[in-house]
Amino acid sequence: MDIGKDLLLEMYRAMVRIRLFEGKVRDLATANEIPGFVHVSIGEEASAAGVCAALRKTDRITSTHRGHGHLIAKGGRLAEMMAEIYGKRTGYCKGKGGSMHIVDFNLGILGANGIVGAGLPIATGSALAAVIAKRDDVTVCFFGDGASNEGTFHESLNLAAIWKLPVVYVCENNGFGEFTPMQTVTSVKDIAVRAQAYGIPGYVVDGNDVLEVYRYASEAVARARAGEGPTLLECKTYRWEGHVVGEQAFLGSGAYRTEQEINEWKARCPLVRFQKFAAESGKIDAAELKRIEEETAAELDAAVKFARESPLPAPSEVAEDVYV
Amino acid sequence: MDIGKDLLLEMYRAMVRIRLFEGKVRDLATANEIPGFVHVSIGEEASAAGVCAALRKTDRITSTHRGHGHLIAKGGRLAEMMAEIYGKRTGYCKGKGGSMHIVDFNLGILGANGIVGAGLPIATGSALAAVIAKRDDVTVCFFGDGASNEGTFHESLNLAAIWKLPVVYVCENNGFGEFTPMQTVTSVKDIAVRAQAYGIPGYVVDGNDVLEVYRYASEAVARARAGEGPTLLECKTYRWEGHVVGEQAFLGSGAYRTEQEINEWKARCPLVRFQKFAAESGKIDAAELKRIEEETAAELDAAVKFARESPLPAPSEVAEDVYV
Amino acid sequence: MAMTTYVQAINEALREEMERDPLTFVMGEDVVLSAFGATKGLVDRFGPERVRNTPIAEAGFVGAAVGAAMAGTRPICEVEFASFFYCAFDQVCNQAAKLRYMSGGQAKLPITFRCVYGAMGGAAAQHSETVYAQFLSVPGLKIVVPSSPSDVKGLLKSAIRDDNPVIVFEHGALGRQREEIPPGEHLVPLGKAAIKRPGDNITVIAIGAMVPKALRVAEKLAGENISVEVLDPRTLVPLDEEAILRSVEKTNRAIVVDEGHLRGGAASDIAAMIAEKGFDFLDGPVKRVTSLDVPIPFSPPLEKATIADEGRIEAAIREALGA
Amino acid sequence: MAMTTYVQAINEALREEMERDPLTFVMGEDVVLSAFGATKGLVDRFGPERVRNTPIAEAGFVGAAVGAAMAGTRPICEVEFASFFYCAFDQVCNQAAKLRYMSGGQAKLPITFRCVYGAMGGAAAQHSETVYAQFLSVPGLKIVVPSSPSDVKGLLKSAIRDDNPVIVFEHGALGRQREEIPPGEHLVPLGKAAIKRPGDNITVIAIGAMVPKALRVAEKLAGENISVEVLDPRTLVPLDEEAILRSVEKTNRAIVVDEGHLRGGAASDIAAMIAEKGFDFLDGPVKRVTSLDVPIPFSPPLEKATIADEGRIEAAIREALGA
Ligand SMILES: Cc1ncc(C[n+]2csc(CCOP(=O)(O)OP(=O)(O)O)c2C)c(N)n1
Ligand SMILES: Cc1ncc(C[n+]2csc(CCOP(=O)(O)OP(=O)(O)O)c2C)c(N)n1
Ligand SMILES: [Mg+2]
Ligand SMILES: [Mg+2]
């Protein structure tokens, strides 16, 4: 599969936007400028970027507590995301959601979600809606290795399989659920194996290689769109940061994984990998990548400024939006 | 594996006790002598009898809404079962439980259960208790093909696999969940395949052949007892009667399966099959089987008499047994 | 006008709303054949795409309804028995109820959940429960408890058209109750109580299957010149507080009758509201007549002793009136 | 005596009870490292057999606790945040709560569930909820809401020894609160309210994290010669109705303060009880001070506007007393 240059640059831009945005969010949360629990996905950018590059604007995604990356890759605007994370009225959810609950319906982003595994049935239902409404849109469900042990995983994949729903399940296996190593609580090494329990295709994907992710995702999305049913993709990856920003304060560092392990994965940085590909393939100029990085830095600065300068919601707004 | 004569007779007795008891319960429910929802397992006797023959008295089972057979095979007394189904004070649960909730703690029967799939985590926890208490007892979890689509199936098997718990999961696949054909709502033909999602052994078993059931169950129980972890057995079988006694009244007959299909399965009656084996192997005299049938008929008559003559609970008993 | 049963009324409501909007669809366990009859025949009219038997996987298909609603359809999702909702509480309480708010009003969740609740004779603890109290404390849901064929038709139709998640609790023992239903488009708005029988001496607020019981008691006491007003809130969320307080202002006495439990139940909720906002109207305590605080027992005499009944309603009225 | 934090008190209670009974064990998500610190270090003392990290599978491991309890052990099961209970409601409400009753008293379910509840600053709707109201209507459970280090230690120890399923709700914002705890065996019985501050003019019944807030308001109003009695029920089930009614009989005025919602909440439950059984003691309505009936919003000014606070407690007292 030959990937056109525009798409290559789009994927790189998505990864850079995620990397810079989340680095900033981490710093702001560390400085207590942002309230609440913040989970960042630095190191995992390729799966969000590669999968969303295979989607149309009218396609939909569901995401998780670690959702910034998915949202950005699906086109989420940094300013409204940042404003939401600050709890400002100009945020995507008027400050009512925060980091774990960002939604952009116009972009098909059905939402981050604070409940592990809850997005699986929701994505499945979103795919069902396409069938009912006779549309050809596809839904992607992002979730973690930890979530794959929730009952909703099982119920959803079974449902999607029997109804041949247009949904792609993307498990981002980063080796941990909170501070628990995946293999101590998960009965299989590869989550992809579980596809066999539903008679659907399941693949292990190098989650740090945006090109490989894109290829698998494109195929799965095409299958879904053609009415051939769901696919399970397992992107093997790693989060460089803690489960939640600030966890060292109560866990100490090195509590559940070694510096060495982290460094090994840092050596497999998805952005650097793409840069190498760009250079080696001769397809993209280093200057073009540089320009994307600079543009994104500027976009981010503007987003932070926007968020900082935006007003907080008024207490009276609290009662709005419970019911239609 | 050579099965001794005593055990053979014990299994036959269990099947006869189930067959006669449930036939009686069906008739009494049809005659409105018994209140509530009644589900019988006629035609499925071999799986209950074969599995429980592999258990010790100190081993435990969890059961389902269609639980009479499992309870009887584990040694449940017909009189107290019948009294419970009648709602009498002398019943196993003093009339508080009824057909769907019979329990006999002394026999390791943790209970029938009205919630599909609920027994799976409970059995898993019962097995965990053996580990915590450093005992070598084993727990068997009976459940249906329909229950295998519940999230609790997934969560339980994963838990048992990672902790190598002494539990055997016995799926009685009778082809239907209520009036819905299993294959229309289940993504695989064989539930046993799902064992692969947990890295544990899974086997398809002829659920109408009590000897085959016993052999697989013995092996699985031995594995569990030896600390080697859980096994999934799928007993293929069929219920001759409706999902719930009286369903023809609101569904009409032939609503979801044909007379022909039912008759084909009746031709594979587990009791007749055992009788043939007895005759062909020359191991057991027809008269011995006959005697078991007669003894059971007498036992059942006494049970019905006991149930009928027992007092109803007094209204004042309603407030007892909520808390210890 | 023909007499229609409660179950037929549900079936009619579903049919009419499915005719009206091609984005409505029904899903749940065995909705094709329909044990209780509520969805009977819908598959013949609307086809298997819009009438879907689900696997036994409540969190999965309830959550699928949530996703389908967010993605532009209007699911009608059946959970056979109210206590099976427990298997899907996360999708109802953490998702359906909260997604609109958490998204700052972006999400719209036009879902109707239907279930059978209540004691219906020997169904025991896991099939007889009244489960709406558990949802009262979950802002974002609407809770509907229709007490008659006409109400169930009109309320269910309103629920389906409502753009919020609504749970309709249908009592298992009301299925064959009959009533004339006004012909043509029959809608009953959510949030409007009904005075099912006017009276002057005392207000009996009765919920769901307790309404016909309260009416029978009122009829009986009328013979003794005790004039009982029977008020049916019809929807617990939103609650028509105004109608309740207006009635209590007139009668100065109130009793709340519910099949749910006493502790944390709907009767306590309404009683507390009256005691706070209508305190000055009251000439005596707000009595609650509810089922006992035990799981519903199987054996008929025990079940009878547990569930609120006419005898206890009558006794409470007499005690309140010193009559 | 040393000052102990709320979280340390939980840790001590767990340690002492695990020492006492080898059939106790702890399980839950990340109980080994323990994000909040409650189970910290237990694995070093008791080993990985008795301190078990579970998969993220609430129905599975909560149900496993049910099975383990029935099979003779005494599980202590942690559900990190109260709203994750929704994923396991069937196992709590249909199983743990009902199995003893349905089995005619054969089953014994000595399980202690622990969870963190309440608003703790920007955790938003799915991590800030007060979820005990949903369990009040489920007979068979006991519900404990400790408001101080000393109480949480003594109540948790009692909960662990109790042979029934007990859910202990630990407020996330109380973790670092400090208090002296009596040395030696310190047990607080379930079902006994505490008068946290005696007073004469009005009874403020406050639950969980509302207790310290009510105490601060009482202290402030003491300066104006308003004498507020602060009563902490400590356990919502069983509820010490006698202590509550005795206090109201003395003060003739009552306010119930809870972090849960108004509709269907614990405040409504207690208020209804007072309005029914203590009507003759009352000189005015039983006011309820609760959080607003909205999902808990993320943004700090919105969260603040939602949660019951000292300002609203004070205003309610003044209104009740016309002061
Ligand atoms: C139902 C539920 N249980 C527990 C949690 C607490 N929790 C938040 S994130 C997390 C770990 C999730 O692991 P995984 O699915 O692998 O995603 P990752 O954080 O690694 O991206 C847990 C246990 C939760 N939010 N929801
Ligand atoms: C959680 C739950 N959902 C639905 C039901 C209603 N119900 C009772 S039995 C049954 C079918 C169960 O099918 P299966 O597990 O195959 O067992 P079988 O009846 O065939 O023995 C259903 C859907 C229930 N009791 N509990
Ligand atoms: Mg992970
Ligand atoms: Mg079946």
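Parameters at a glance
- Residues numbered from 1 in each chain as written.
- Chains lettered and ligands numbered in written order.
- Predicted model: local features only at pLDDT ≥ 70, side-chain atom pairs only at ≥ 80, totals over all residues.
- Heavy atoms only, no water.
- Helix = DSSP H or I, 4+ residues; strand = E, 2+ residues; numbered from the N terminus.
- Buried < 20%, exposed > 50% of the residue type's maximum accessible area, 1.4 Å probe, protein only.
- Contact = heavy atoms within 4.5 Å.
- Areas by Shrake-Rupley, 256 points an atom, 1.4 Å probe, with all protein chains shown as cover.
- Lys, Arg positive; Asp, Glu negative; His and termini not counted.
- Charge placed at Lys NZ, Arg CZ, Asp CG, Glu CD.
- Donors = N, O, S within 2.8 Å, 3.2 Å for Na, K, Ca; no water.
- Buried area = accessible area lost by both parts, 1.4 Å probe.
- Salt bridge = Lys/Arg side-chain N within 4 Å of Asp/Glu carboxyl O.
- Polar contact = N/O pair within 3.5 Å; in protein donor to acceptor, adjacent residues only side chain to side chain.
- Pairing = 2+ DSSP bridges.
- Axes fitted to C-alpha atoms, helices over the stretch in contact; angles between N-to-C directions.
- Parallel < 35°, antiparallel > 145°, perpendicular 65-115°, else oblique.
- Left-handed = near helix turned anticlockwise from the far one by under 90°.
- Nonpolar A, V, L, I, M, F, W, Y, C, P; charged D, E, K, R; others polar.
- Near = heavy atom within 4 Å.
- Phe/Tyr/Trp six-rings, centres within 6.5 Å; stacked < 30°, edge-to-face > 60°.
- Lys NZ or Arg CZ within 6 Å of the ring centre and 35° of its normal.
- pLDDT = per-residue confidence, 0-100.

1. Remarks on the overall build of chain A
Then comes step 1: Scanning chain A from terminus to terminus reveals 12 helices and 7 strands.
Then comes step 2: Expressed as lengths along the three principal axes of its C-alpha atoms, the size of chain A is roughly 55 × 50 × 40 Å.
Then comes step 3: Across the 324 residues that make up chain A, the buried fraction comes to 65%.
Then comes step 4: The contacts of chain A with a sequence gap of at least 6 include a subset with a gap of at least 24, amounting to 74%.
Then comes step 5: Looking at chain A as shown, the accessible area adds up to about 10,800 Å², and 51% of this sits on carbon and sulfur atoms.
Then comes step 6: The distance from the centre of the 36 positive side-chain charges to the centre of the 43 negative ones in chain A is 2 Å.

2. Here's the deal with the coordination of the magnesium ion (ligand 3)
All names here are of chain A.
Then comes step 1: Donor atoms from the polypeptide that coordinate the magnesium ion (ligand 3) comprise Asp145 (OD), Asn174 (OD1) and Phe176 (O), at 2.0 to 2.1 Å from the metal.
Then comes step 2: In terms of primary sequence, the donors binding the magnesium ion (ligand 3) are separated according to D-x28-N-x1-F. With a gap of 31 residues between them, Asp145 in the loop between strand S2 (139–144) and helix H6 (151–162) and Phe176 in strand S4 (residues 176–177) connect regions that are remote in the sequence.
Then comes step 3: Overall, Asp145 belongs to the buried group, its relative accessible area being 2%.

3. Digging into the interface of chain B and chain C
Then comes step 1: With 38 residues of chain B at the interface, the matching set in chain C holds 33 residues.
Then comes step 2: Summing the contributions of chain B and of chain C, the shared interface buries around 2,700 Å²; its carbon and sulfur component is 67%.
Then comes step 3: Of all residues in chain B, B:Phe37, B:Ile115 and B:Val318 bury the most surface against chain C, accounting for 20% of the area lost on that side.
Then comes step 4: For the pair chain B and chain C, the interface holds 0 salt bridges.
Then comes step 5: The tally of links between chain B and chain C comes to 11 residue pairs in polar contact (both at pLDDT 80 or more).
Then comes step 6: Secondary structure elements with two or more residues in the side of chain B that touches chain C: helix H4 (78–85) and helix H9 (248–251) of chain B.

4. What about the pairing of strand S2 (residues 24–28) of chain C?
Residues and elements named next belong to chain C.
Then comes step 1: Of all 5 residues making up S2, 5 are buried, and the element is well covered by its neighbours.
Then comes step 2: Of the two faces of S2, the one holding Thr24, Val26 and Gly28 and the one holding Phe25 and Met27 are both buried throughout.
Then comes step 3: As defined by bridge partners, S2 adjoins strand S4 (residues 74–81) across 5 bridges and the pair is classed as parallel. The residue bridging Gly28 from the neighbouring strand is Glu78, located in S4.
Then comes step 4: In the sheet, S2 pairs with strand S3 (residues 51–53) via 3 bridges, with the strands oriented parallel. Looking across to S3, one finds that Gly28 is bridged to Asn53.

5. Quick look at the sheet that holds S4(C)
Residue and element names in this part refer to chain C.
Then comes step 1: Ordered in space as S3-S2-S4-S5-S7-S6-S12, the 7 strands form an open sheet in which the pairing is mixed. Only two strands of the sheet have a single neighbouring strand rather than two, namely S3 and strand S12 (235–237). Between one strand and the next, the sheet's axes are offset by a mean angle of 20°, whatever the strand orientation.
Then comes step 2: Bridge analysis of S4 against strand S5 (residues 112–117) gives 5 bridges, and the strand direction is parallel. Residue Glu78 lies in a different strand from S5, and its bridge partner there is Arg114.

6. Some details on the packing of helix H1 (residues 6–20) of chain C against helix H7 (residues 149–161) of chain C
Residue and element names in this part refer to chain C.
Then comes step 1: Axis separation between H1 and H7 bottoms out at 8 Å; the angle between their running directions is 30°. As the angle between them shows, H1 and H7 are arranged roughly parallel. Here H1 and H7 pass one another in a crossing that is right-handed. Residue-level inspection shows Tyr6, Ala9, Ile10, Glu12, Ala13, Leu14, Glu16, Glu17 and Arg20 of H1 in contact with H7, the latter providing Pro149, Val152, Lys153, Leu156, Lys157, Ile160 and Arg161.
Then comes step 2: When its residues are assigned to classes, the contact of H1 with H7 shows 9 nonpolar, no polar and 7 charged.

7. Details of the interface of chain D and chain C
In many analyses, interface size is given as the accessible surface area lost on bringing the parts together.
Then comes step 1: Contacts between the two partners involve 48 residues from chain D and, on the opposite side, 48 residues from chain C.
Then comes step 2: Taken together, the links from chain D to chain C amount to 6 salt bridges.
Then comes step 3: At the boundary of chain D and chain C, one finds 22 residue pairs in polar contact (both at pLDDT 80 or more).
Then comes step 4: Counting only elements with at least two residues in the side of chain D that touches chain C, the list comes to helix H4 (89–96), helix H5 (99–102), helix H6 (133–136), strand S12 (235–237), helix H10 (266–277) and strand S14 (287–291) of chain D.
Then comes step 5: In terms of residue count, H10(D) provides more of the side of chain D that touches chain C than any other element does, 7 residues in total.
Then comes step 6: Counted by class, the side of chain D that touches chain C contains 27 nonpolar, 11 polar and 10 charged residues.

8. Examining the sheet that holds strand S13 (residues 254–261) of chain C
All names here are of chain C.
Then comes step 1: Across the sheet, which stays open at both edges, the 5 strands sit in the order S9-S11-S10-S13-S14 with mixed pairing between neighbours. Single-partner strands in this sheet number two, and they are strand S9 (194–197) and strand S14 (287–291). The sheet shows a mean angle of 25° between the axes of neighbouring strands, direction not considered.
Then comes step 2: Where S13 and S14 come together, 4 bridges link them in parallel fashion. In the sheet register, His261 faces S14, and the bridge partner there is Ser291.
Then comes step 3: In the packing of helix H9 (residues 241–251) onto the sheet, contacts are made with strand S10 (202–206), strand S11 (228–232) and S13, and the angle to S11 comes to roughly 175°.

9. Digging into the site of ligand 1
Then comes step 1: In the neighbourhood of ligand 1, 22 residues make up the surrounding shell, with A:His65, A:Arg66, A:Gly114, A:Gly146 and D:Glu58 lying closest.
Then comes step 2: Taken together, the residues near ligand 1 originate from chains A and D.
Then comes step 3: A:Arg66 has a polar side-chain atom sitting 2.8 Å from an oxygen atom of ligand 1.
Then comes step 4: A distance of 2.9 Å separates an oxygen atom of ligand 1 from a polar atom in the side chain of A:Asp145.
Then comes step 5: If ligand 1 stood free it would expose 580 Å²; the protein chains cover 96% of that surface.
Then comes step 6: Broken down by class, the residue content of the shell around ligand 1 amounts to 7 nonpolar, 8 polar and 7 charged.

10. Some points on the coordination of the magnesium ion (ligand 4)
Then comes step 1: Those protein atoms acting as donors to the magnesium ion (ligand 4) are B:Asp145 (OD), B:Asn174 (OD1) and B:Phe176 (O), and they sit at 2.0 to 2.1 Å.
Then comes step 2: Within one chain, the residues serving as donors to the magnesium ion (ligand 4) are arranged as D-x28-N-x1-F.

11. Re the pattern of salt bridges
Then comes step 1: With the rule as written, the count across this model stands at 114 salt bridges over all chains.
Then comes step 2: Two residues, A:Glu80 and A:Arg77, come together in a salt bridge whose shortest N-O distance is 2.7 Å.
Then comes step 3: Between C:Asp21 and C:Arg74 there is a salt bridge whose closest N-O contact spans 3.6 Å. Of the two residues, C:Asp21 sits in the loop between H1 and S2 while C:Arg74 sits in strand S4, which places them 53 residues apart along the sequence.
Then comes step 4: Connected via shared salt-bridge partners are C:Glu12, C:Glu16, C:Glu17, C:Arg20, C:Lys153, C:Lys157, C:Arg161 and C:Glu185.

12. Notes on the packing of aromatic side chains
Aromatic ring pairs are defined here through the distance separating the ring centres and the angle between the ring planes.
Then comes step 1: Enumeration over the complete set of coordinates arrives at 46 aromatic pairs over all chains.
Then comes step 2: Measuring from centroid to centroid gives 6.3 Å for C:Tyr86 and D:Phe89, while their planes differ by 35°, and the two rings are tilted. Of this pair, C:Tyr86 sits in the loop between S4 and helix H4 (89–96) while D:Phe89 sits in helix H4, placing the two residues on different chains. D:Phe89 shares its class with C:Tyr86; the two are buried.
Then comes step 3: Look at D:Tyr117 and D:Tyr132: their rings are 5.5 Å apart centre to centre, the planes differ by 65°, and that puts the pair in the edge-to-face class. Of this pair, D:Tyr117 sits in strand S5 (residues 112–117) while D:Tyr132 sits in the loop between S5 and H6; the two residues are 15 residues apart in sequence, bridging distant segments of the chain.
Then comes step 4: For D:Tyr117, a relative accessible area of 1% translates into the label buried.
Then comes step 5: Note that B:Arg257 overlies the ring of B:Phe176, its terminal NZ or CZ placed 5.8 Å from the centroid.

13. A word on the confidence of the model for chain C
Then comes step 1: A residue-level look at chain C finds 100% of positions with pLDDT of 70 or above and a mean pLDDT of 97.
Then comes step 2: As a predicted assembly, this complex carries a pTM of 0.98 together with an ipTM value of 0.98.

14. Section: unusual backbone geometry
Then comes step 1: At the junction of C:Val237 and C:Pro238, the peptide bond is cis and its omega measures out at -5° in the coordinates.
Then comes step 2: The residue C:Asp30 is not glycine, and still its phi comes out positive at about 55°.
Then comes step 3: One non-glycine residue, D:Ser34, lies in the positive phi region at around 65°.
Then comes step 4: Mapped onto the elements, D:Ser34 comes out in the loop between strand S2 (24–28) and helix H2 (42–46).

15. A closer look at the site of ligand 2
Then comes step 1: Contacts to ligand 2 come from 22 residues, most closely from B:His65, B:Arg66, B:Gly114, B:Gly146 and C:Glu58.
Then comes step 2: At the site occupied by ligand 2, nearby residues are drawn from chains B and C.
Then comes step 3: In this structure, a nitrogen atom belonging to ligand 2 sits 3.0 Å away from a main-chain N or O atom of B:Val116.
Then comes step 4: When ligand 2 sits alone it has 580 Å² of accessible area, and the protein chains cover 96% of it.
Then comes step 5: Split by residue class, the shell around ligand 2 holds 7 nonpolar, 8 polar and 7 charged.

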